[in-house]
Amino acid sequence: MSNPTKALPLRVLIVDDSAFARSVIGKKLSAHPDINVVGYAKDGLEAVAQVQALKPDVVTMDVSMPNLDGLGALERIMRDFPTPVVMLSALTGEQSQTTIAALELGAVDFYLKPSIASPTGAPGADLELVEKLKAAASVPAARLRSMAAWNRSHRLGAAPTLRTVERAGRFRAVVVIGTSTGGPRALAELIPALPRDLPAALLVVQHMPPMFTRSLAERLNHESQLEVKEAEEGDHLSPGRLLLAPGGYHMVVGKGGSVSLNQESPECAVRPAVNVTMASAARYYGRAVLGVVLTGMGSDGTRGSAAIKAAGGRVIVEAESTCAVYGMPKSVKDAGHADNVLPLNRMAEEIIRICGETQKAAAGVRP
């Protein structure tokens, strides 16, 4: 069943502590026939009250506000009145870290605030935000509730019980994960569930600007058994290590497990693109490559999955039931490249199983 689409125009609540920013954002969004700005809030406390009273389809949420900041407001909204939220963030280290935390808590997406909150703004900035609001509003209420439930259990320290594999002296598999909208939240569940002794090198491509990818890598490294770092030129694949493509750069696997970065043309309108990483991994590691495509808009991952399959590798995609946006996985599935379609909570176990099989095959052990 497809995600339900909210009837247009979308009812939007704007939350920002700056009266000027509220005015500019409101005027720009109201100029679009698909948007109906139904209210404003100047801080997190007022935002929670307005969500309860107005029941908007989607909320734009500032990060830094007095009384109750965007993170605190998001947590209360997701707990009491699950509603799609798009964070408006500034391009600073502190706000990027807070924004990553917000995405893990259940914010569907984020947008760089200076592009929309200035009188002129970047060309097409308001249209891009409108598209993000539409995508966020399409997330089913049941999915928002399940994210809120996972957040509560995660904060209570619950963790999945998973079978680990034998310690590997070197990696036998290469796992390439691609994701976009909803990705930070999905990665926050998936990556900490993978064991340190996984006999695989991992590469992750998350569609995200510079600075935000570094904050995401740092956060995942803190929460996971694996070593997680933002990839740098000259890094090498290693078992138990996850390299995250930096914003603005394609990540390419080379001979001998070397990793290089480039700023060649975007693919599927994004850079980094997981197509590029998947295709390069397939070229050198063939049947040892496992492609994983998680929630996200668009079709990035389809060409890369085709390359993995052609080289003898395997591909698994996230099921619609757990995706924030069922775009990238659907594209791979519809193209016939998915070996399996799984909900997010079963992904880690399947990755462990496949990597274990690959390890045994490399050692000449029959399953």
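Refer to the structure printed above.
Residues numbered from 1 in each chain as written. Predicted model: local features only at pLDDT ≥ 70, side-chain atom pairs only at ≥ 80, totals over all residues. Heavy atoms only, no water.

What's the story with the sheet that holds strand β8 (residues 227–230) in this structure? I'm lost.
Sheet strands line up and pair through hydrogen bonds in the backbone, either parallel or antiparallel. In spatial order, the strands read β8-β9-β7-β6-β12-β13-β14; together these seven strands make up an open sheet with parallel pairing. Only two strands of the sheet have a single partner each, and these edge strands are β8 and β14 (340–342). Between one strand and the next, the sheet's axes are offset by a mean angle of 20°, whatever the strand orientation. Relative to strand β13 (residues 314–318), strand β12 (residues 289–293) is paired through four bridges, and the arrangement is parallel. Of the residues in β13, the one forming a bridge with G291 is V315. Each of β12 and β13 is contacted by helix α11 (residues 302–310), which is oriented at about 145° to β13, the strand it contacts most. (Pairing = 2+ DSSP bridges. Helix = DSSP H or I, 4+ residues; strand = E, 2+ residues; numbered from the N terminus. Axes fitted to C-alpha atoms, helices over the stretch in contact; angles between N-to-C directions. Contact = heavy atoms within 4.5 Å.)

Honestly, the pattern of salt bridges in this entry has me stumped. Any pointers?
One side chain can pair with another of opposite charge once the charged atoms of both are near each other. Taken as a whole and judged by the stated rule, the model has 20 salt bridges. When the shortest N-O distance is used, the salt bridge between E223 and R219 registers 3.6 Å. Here R219 and E223 lie together in helix α9 (residues 212–223), a separation of four residues that amounts to about one turn. The class for E223 is partly exposed, based on a relative accessible area of 26%. For R219, a relative accessible area of 30% translates into the label partly exposed. Put simply, R303 and E267 hold a salt bridge, and the shortest N to O gap is 2.6 Å. One end of the pair, R303, is in helix α11; the other, E267, is in the loop between β11 (259–262) and α10 (274–285), with 36 residues separating them in the sequence. Residue R303 is classed as partly exposed on the basis of its relative accessible area of 41%. One continuous salt-bridge network, built from bridges that share partners, spans R314, E350, R353 and E357. (Salt bridge = Lys/Arg side-chain N within 4 Å of Asp/Glu carboxyl O. Buried < 20%, exposed > 50% of the residue type's maximum accessible area, 1.4 Å probe, protein only.)

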